[in-house]
Amino acid sequence: MGDCLTMIQGNKKKIACDAVLRKNETGTWQRIIKSAHLSRPEHYFSIYMSGCNMNCRKCHSHEFTKAASGEWMTTDQIAGLCAEYREQVTVYEPLERALDWYASDLCRCCGYCVITGRRSPTCPGVLEPHQILLSPQGFGPARNIVGYTGGDLGCCVDFYVDLTRKIKTKSPELWILYETNGYGLTSTNLKKLREAGVDSFWLDIKAFDPVIHKKLCGVDNHRILDLPKQVQQFGFQLEVLSLFIPRWVETDQLSKIALLLAEVNREIPFTLLAFFPEYRMMNTRSPNTVEMIESYHAVKKAGLKNVRIGNIGVFAKTETDYELLKRETGIE
Ligand code: SF4
Ligand code: SF4
């Protein structure tokens, strides 16, 4: 069992699989869905799901992951939304690009090309204006990917299996990317997801140290650290992210996570993200530029070839920070 108590009406709490998941009278799975739309900067259709098997102190979606919030939808209805999205797709990606990682080499969301008719200086120069759409989170293309996001209930795999089958039946051209905390993804569940048609995982490894992981998220990370190997063995595409959280998850743990990934495959894309105060961690500071650079080098030294830094605006506050980051990492 995860740390999944979820607030329901009347200030009561229930375990997540009772609070946000059910089968209707015809035996069809339903889940509470907060929203579903084309997200930026991922440039794919994200389904934000209520309820989660972790209880992260830093959760940025706690309003709907730790409380049942949204609308009950059947897997048929969700697959219907995905089929409507398919009609808007402007970029068809090959399977190996069915990840968030490749979104930014298509478009940086500035909207210049559609507003002014000219590209911005940072535009990758790959897409044409007719491929750029305006969605609730800004400008960009619509890639042929559906992302399962928000709260994660990988422990209740049959819901995801049913949903994936229905999406793939209606819209076989859409890739399915599962954004996961990894909890509950046993090898049996991975096999079921593979057979149903899930294509890729975006795995958030929250800490290497098991004691810290438990304190940070409410559950242990024993199986999660084995996941990269298993995910690759089953043939899914994989990318990984981890946050630098001062005093909780710093360079020592991040380099161990990187080492673990490099032993599986040095090509696994890895995003090093800067933490910012949120939810029950409002008193924890963000990392600074020097700490992020130090971690970046440690992660590269562990052997990973594809490393990027995210949430740069959180720690790089001045021109000097940006210059230092550019000089030390070569990142433009
Ligand atoms: S795994 Fe993600 S959604 Fe779930 S509690 Fe943690 S941060 Fe929130
Ligand atoms: S394709 Fe258009 S919206 Fe995207 S980065 Fe280039 S100019 Fe900006």
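Reading guide: rules and limits
- Residues numbered from 1 in each chain as written.
- Chains lettered and ligands numbered in written order.
- Predicted model: local features only at pLDDT ≥ 70, side-chain atom pairs only at ≥ 80, totals over all residues.
- Helix = DSSP H or I, 4+ residues; strand = E, 2+ residues; numbered from the N terminus.
- Rg over C-alpha atoms; globule rule 2.2 N^0.38 Å.
- Buried ≥ 20, exposed ≤ 12 C-beta atoms within 10 Å, placed from the backbone.
- Contact = placed C-beta atoms within 7 Å.
- Core = buried A, V, L, I, M, F, W, Y, C linked by C-beta atoms within 7 Å.
- Domains from an automatic or database assignment.
- Nonpolar A, V, L, I, M, F, W, Y, C, P; charged D, E, K, R; others polar.
- Near = placed C-beta within 6 Å.
- Expected span 1.5 Å × (residues − 1).
- Pairing = 2+ DSSP bridges.
- Right-handed = clockwise from strand over helix to strand, strands pointing away.
- Axes fitted to C-alpha atoms, helices over the stretch in contact; angles between N-to-C directions.
- Parallel < 35°, antiparallel > 145°, perpendicular 65-115°, else oblique.
- Left-handed = near helix turned anticlockwise from the far one by under 90°.

Thoughts on the overall build of the chain
Regarding its fold elements, the chain presents 12 helices and 14 strands. For 332 residues, the compact-globule estimate of 2.2 N^0.38 gives 20 Å, and the chain sits close to it at 20 Å. The proportion of buried residues among the 332 residues of the chain is 46%. If you take every contact in the chain between residues at least 6 apart in sequence, the share linking residues at least 24 apart comes to 72%.

Some details on the nonpolar core
With 98 residues, the main nonpolar core has Val-146, Leu-177, Phe-244 and Ala-258 as its most contacted residues. Built from parts of two domains, this core gets at least three residues from each of domain 1 (6-204) and domain 2 (240-332). Residues within four places of Phe-244 in sequence aside, it is in contact with Val-249, Glu-250, Leu-254, Leu-272, Ala-274, Phe-275, Pro-287, Glu-291, Met-292 and Ser-295.

Quick word on the domain arrangement of the chain
Per the domain assignment, the segments making up the chain are domain 1 (6-204) and domain 2 (240-332). Residue-level contacts link nine residues of domain 1 with nine residues of domain 2. Class assignment of the residues belonging to the side of domain 1 that touches domain 2 gives a composition of four nonpolar, two polar and three charged.

Focus: the site of ligand 1
Taken together, Cys-52, Met-54, Asn-55, Cys-56, Cys-59, Ser-61, Thr-65, Gly-151, Asp-152, Asn-181 and Cys-217 make up all the residues around ligand 1. Per-class residue counts for the shell around ligand 1 are five nonpolar, five polar and one charged.

Concerning helix H3 (residues 75-86)
An ideal rise of 1.5 Å per residue puts 16 Å on 12 residues; H3 measures up with 16 Å between its terminal C-alpha atoms. In this structure, the buried side of H3 is in contact with strand E4 (29-39), strand E5 (44-49), strand E6 (71-74), strand E9 (145-150) and helix H5 (157-170).

With respect to the pairing of strand E10 (residues 175-180)
Most of E10 sits inside the fold, with six of its six residues counted as buried. Both faces of E10 are covered, namely the face carrying Trp-175, Leu-177 and Glu-179 and the face carrying Ile-176, Tyr-178 and Thr-180. With four bridges joining them, E9 and E10 adopt parallel strand pairing. Across the sheet, Tyr-148 pairs through a bridge with Tyr-178, a residue of E10. Handedness of the crossover joining E9 and E10 through H5 is recorded here as right-handed. As defined by bridge partners, E10 adjoins strand E11 (residues 200-204) across four bridges and the pair is classed as parallel.

Observations regarding the pairing of E11
Burial analysis of E11 places five of its five residues in the buried class, which makes it a mostly covered element. In terms of strand pairing, E11 meets strand E12 (residues 237-244) through five bridges, oriented parallel. Residue Phe-201 lies in a different strand from E12, and its bridge partner there is Leu-238.

Describing the site of ligand 2
Around ligand 2, the surrounding shell consists of Cys-107, Arg-108, Cys-110, Gly-111, Tyr-112, Cys-113, Arg-119, Ser-120, Cys-123, Leu-127, Ile-132 and Phe-139. A class-by-class count of the residues in the shell around ligand 2 yields eight nonpolar, two polar and two charged.

Digging into the packing of helix H9 (residues 251-264) against helix H10 (residues 289-301)
For the pair H9 and H10, interaxial distance at closest approach is 8 Å and the crossing angle is 25°. Taken together, the axes of H9 and H10 lie roughly parallel to each other. Considering how the two elements wind past one another, H9 and H10 form a crossing that is right-handed. Counting all contacts with H9, which are made through Thr-251, Leu-254, Ser-255 and Ala-258, the residues of H10 involved are Glu-294, Ser-295, Ala-298 and Val-299.

Side note on the packing of H10 against helix H12 (residues 319-329)
Two elements in contact, H10 and H12, have axes separated by 10 Å at closest approach and are oriented at 15°. Here H10 is positioned roughly parallel relative to H12, judged by the angle of their axes. Seen from above, H10 lies across H12 with right-handed handedness. Along the contact surface, H10 presents Thr-289, Ile-293 and Tyr-296, while H12 presents Asp-321, Leu-324, Leu-325, Glu-328 and Thr-329. Its residues placed into classes, the contact of H10 with H12 shows four nonpolar, two polar and two charged.

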